[in-house]
Amino acid sequence: MNTSTLTLAKNKTDNSKKIKGSEAVLKCLIAEGVETIFGYPGGAIMPIYDSLYHYQNKLNHILTRHEQGAVHAAQGMARVTRKTGVCFATSGPGATNLITGIADAQIDSTPLVCITGQVPSHLLGTDAFQETDVIGISMPVTKWNYQVTRAEEIPFAIARAFYIANTGRPGPVLIDITKDAQITEFDFEYDKCEKIRSYHPYPELRSGDLKAAANLINKSKKPYILLGQGVQLSGAEKELIQFAEKTGIPMASTLMGLSGVPVDHPLYVGYLGMHGNYGANIKTNECDVLIAIGMRFDDRVTGDLKKYAKQAKVIHIEIDPSEIDKNVKTTIAINADAKQALTGLIPLVNSARYAEWIEEFRVCDVIEHNKVIDAETHPVSGQIKMAEVISKISALTFGEAVVVTDVGQHQMVANRYYQFQNSLSCITSGGLGTMGFALPAAMGAKVGQPSRDVIAIIGDGGFQMTIQELGTIKQNDLAVKILVLNNNFLGMVRQWQQLFFDKRYSFTELDNPDFQLITKGYGISAQKVSERINLDQAIHDWLSCEGPALLEVVVDQEENVFPMVPSGASVSDIRLD
């Protein structure tokens, strides 16, 4: 037998080597370029964890303190890297504890592959110990899910999971693997998935749609760009700026679109939504052409749909065809990836300037500054304001940190006043509004971008929902800076109770623990400030601290966030006080 024959024989033997399903899972992940997994072990997924013991030099596993922490951490990592986040959980309660994060990822278009263990296949449907129908439970909140009952299915399922999760409009995928499939040996081979029949993640861009849109834009007098998260998901930030600068069209961002363009760009006019900027909201009902890019016209952006942009012709660039005409009727729909569509539009649009139209936004900025911003960011008396804290942090970090917010008043304030300069920097729970999101998501963001400053901004209510993840942060020495804005209230609910329920503060006041004591109990540096005179030094010390650190700031209990579009009202009815 010659050398080439020996080589072929050796390769054949290697390729046909039998391995257990549990090891196959790990080999599949490595083949997909996965470096970090967030998870929590248990009985039904124990074979995978046993195999993971031998792969610690190839896969970094981070043990969270709760499965919800694992899925939110995977989200945070995915959001700052555009890669697919991965998490593990066991069957039953382990799997169900992932559901909130999976639902959050689904509505916010975050690519995840969640792998759960399951009882042996012969026990499916018997109500065995820690058995739940996670496929049935997760079906409404996943982009795709699949139950593996035979080891041979593992490469098939995982290859398709990664392809589906991070193509087209990204989203979460769940793979449920029975215990017997994990321990059975089979001949392992892995081929990445590059195509699935009947699944077309990237619609064909039609030149006629681009020409029609360009014609409309070129004839417009008051055009307006609304940018959503789709711009960042497609990596279209440069194309968007090139398009805007050529056409001279002002740009506003949705909550999820924040950081898609630097906030100090001369064509950027603000943040849309219930607590967005005054001009950015009211001018939606005054433009003549509305160009929506990678956004889905969420109700927090549109307010009363019956009164939303009725004067405007709407161009909607959106990769998900189900979002087109769902809420707002379009004049021209471009069902395509944002980067591809903008690249096609740029040569078709005319160079233009809309100085008078942009000046209308700047007049609104002055009104908002005089009525709201100056008083919030530079108060001369009273308790510390949330806005002044965020403004100081923004200045000290030059707007370059990754800011991960929880849900509530602090979320709106942080996203209003942090001056984002870099893409993939605003990480928040948008569509689902999940309290408890920020702390674990910040962990994942720090793992994904270890060289960047990562700041978790959290209210006292949301902090207590996932406070146990301080243990994960300490064990893995993740230098996350944690800001807790403490008003001893569920602040956003309290604001609504004050404004719309005659100050009936029904079960929104919190009797909080000593956050410093708890944080120090985990071995993490912590300090508290309640007086304005001490605020600057406290922020400086906190940001300068080596490793993770917590800063608790006691803020005005009855501070409200304005501007505000009341629920169900028109964006033109935005309140400044």
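Draft legend 1. Fine view of the packing of aromatic side chains. With the rule as written, the count across this model stands at 13 aromatic pairs. Note on Tyr49 and Phe88: the rings are 5.9 Å apart at their centroids and 75° apart in plane angle, and the pair reads as edge-to-face. One end of the pair, Tyr49, is in helix H3 (residues 46-52); the other, Phe88, is in strand E4 (residues 85-89), with 39 residues separating them in the sequence. Phe88 sits in the buried class, given a relative accessible area of 0%. Following the ring pairs from residue to residue traces out a cluster consisting of Trp144, Tyr146 and Phe156.

Draft legend 2. Spotlight on the sheet that holds strand E13 (residues 313-318). Overall, parallel pairing links the 6 strands, which are arranged E11-E10-E9-E12-E13-E14 in an open sheet. Strand pairing shows two members of the sheet lacking a second neighbour, strand E11 (268-271) and strand E14 (332-335), which therefore form its edges. Within the sheet, the average angular offset between the axes of one strand and its neighbour, ignoring direction, is 15°. Bridge count for strand E12 (residues 289-293) against E13 is 5 bridges, and the pairing is parallel. Paired with Leu290 across the bridge in E13 is Val314. Relative to the sheet, helix H15 (residues 338-345) contacts E12, E13 and E14, its axis offset from that of E13 by approximately 125°.

Draft legend 3. Representation of helix H18 (residues 409-417) within the structure. When you tally the buried positions in H18, you get 9 out of 9 residues, the bulk of the element. Listing the buried residues of H18 in full gives Gln409, His410, Gln411, Met412, Val413, Ala414, Asn415, Arg416 and Tyr417.

Draft legend 4. Quick look at the layout of surface pockets. By volume, the largest pocket is sized at about 940 Å³. Elements that contribute at least two residues to the lining of the largest pocket include exactly helix H11 (230-233), helix H14 (299-302), E13, H18 and helix H22 (491-500). Ranked by residues supplied to the lining of the largest pocket, first place goes to H14 with 3 residues. Its residues placed into classes, the lining of the largest pocket shows 22 nonpolar, 17 polar and 9 charged. Reported here for the second largest pocket is a volume of approximately 510 Å³. Mapped by element, the contributors of at least two residues to the lining of the second largest pocket are E11, helix H16 (355-377), helix H17 (386-396) and H18. When residues in the lining of the second largest pocket are grouped by element, the largest group, 6 residues, is from H16. Looking at the lining of the second largest pocket residue by residue, the classes come out as 9 nonpolar, 8 polar and 7 charged. Taken together, domain 2 (207-360) and domain 3 (383-555) each give at least three residues to the lining of the second largest pocket, which thus spans both.

Draft legend 5. Examining empty space enclosed by the protein more closely. Taken as a whole, this structure holds 2 cavities of 30 Å³ or more when the rule is applied. Taken as a whole, the largest cavity holds about 120 Å³ of empty space. Taken together, 13 residues form the lining of the largest cavity, with Arg79, Gln229, Gln232, Leu233 and Leu424 sitting closest to its centre. Contributions of two or more residues to the lining of the largest cavity are made by helix H4 (67-81), H11 and strand E16 (426-428). There is about 30 Å³ of room inside the second largest cavity. Residue lining of the second largest cavity: Glu376, Val413, Tyr417, Glu559, Asn560, Val561 and Phe562, and that is the complete set.

Draft legend 6. Expanded view of the side chain of Lys446. For Lys446, the location among the structural elements is in helix H19 (residues 438-448). Buried within the structure, Lys446 lacks any salt-bridge partner; its nearest side chain of opposite charge belongs to Asp453, at an N-O separation of 5.2 Å. From its side chain, Lys446 meets the backbone oxygen of Pro450 in a polar contact 3.1 Å long. Dropping the residues within four chain positions of it, Lys446 is found in contact with Arg452, Asp453, Val454, Leu478, Ala479 and Val480.

Draft legend 7. Region of interest: the packing of H4 against helix H6 (residues 99-107). At a closest axis distance of 8 Å, the pairing of H4 and H6 adopts a crossing angle of 20°. In terms of axis orientation, H4 runs roughly parallel to H6. Residue-level contacts link Gln68, Val71, His72 and Gln75 of H4 to Thr100, Gly101, Ile102, Asp104 and Ala105 of H6. Here the residues of the contact of H4 with H6 sort into 3 nonpolar, 5 polar and 1 charged.

Draft legend 8. Up close: the sheet that holds strand E5 (residues 112-118). Here 6 strands make up an open sheet; going across it, the order is E3-E2-E4-E5-E7-E6 and the pairing parallel. Looking along the sheet, the strands with just one partner apiece sit at the ends: strand E3 (60-63) and strand E6 (144-148). Geometrically, the sheet is characterised by an average inter-axis angle of 20° between neighbouring strands, direction not taken into account. Where E4 and E5 come together, 5 bridges link them in parallel fashion. The residue of E5 that forms the bridge with Ala89 is Thr116. Contacts from helix H8 (residues 154-165) reach E4, E5, E6 and strand E7 (172-178), with the element oriented near 170° to E6.

Conventions and cut-offs
- Residues numbered from 1 in each chain as written.
- Predicted model: local features only at pLDDT ≥ 70, side-chain atom pairs only at ≥ 80, totals over all residues.
- Heavy atoms only, no water.
- Phe/Tyr/Trp six-rings, centres within 6.5 Å; stacked < 30°, edge-to-face > 60°.
- Helix = DSSP H or I, 4+ residues; strand = E, 2+ residues; numbered from the N terminus.
- Buried < 20%, exposed > 50% of the residue type's maximum accessible area, 1.4 Å probe, protein only.
- Pairing = 2+ DSSP bridges.
- Axes fitted to C-alpha atoms, helices over the stretch in contact; angles between N-to-C directions.
- Contact = heavy atoms within 4.5 Å.
- 1 Å grid on protein atoms, 1.4 Å probe; cavity = no way out; pocket = protein on both sides within 12 Å on 5 of 7 lines; lining within 4 Å.
- Points joined across faces, edges and corners; volume = space filled by probe spheres on them.
- Nonpolar A, V, L, I, M, F, W, Y, C, P; charged D, E, K, R; others polar.
- Domains from an automatic or database assignment.
- Lys, Arg positive; Asp, Glu negative; His and termini not counted.
- Salt bridge = Lys/Arg side-chain N within 4 Å of Asp/Glu carboxyl O.
- Polar contact = N/O pair within 3.5 Å; in protein donor to acceptor, adjacent residues only side chain to side chain.
- Parallel < 35°, antiparallel > 145°, perpendicular 65-115°, else oblique.

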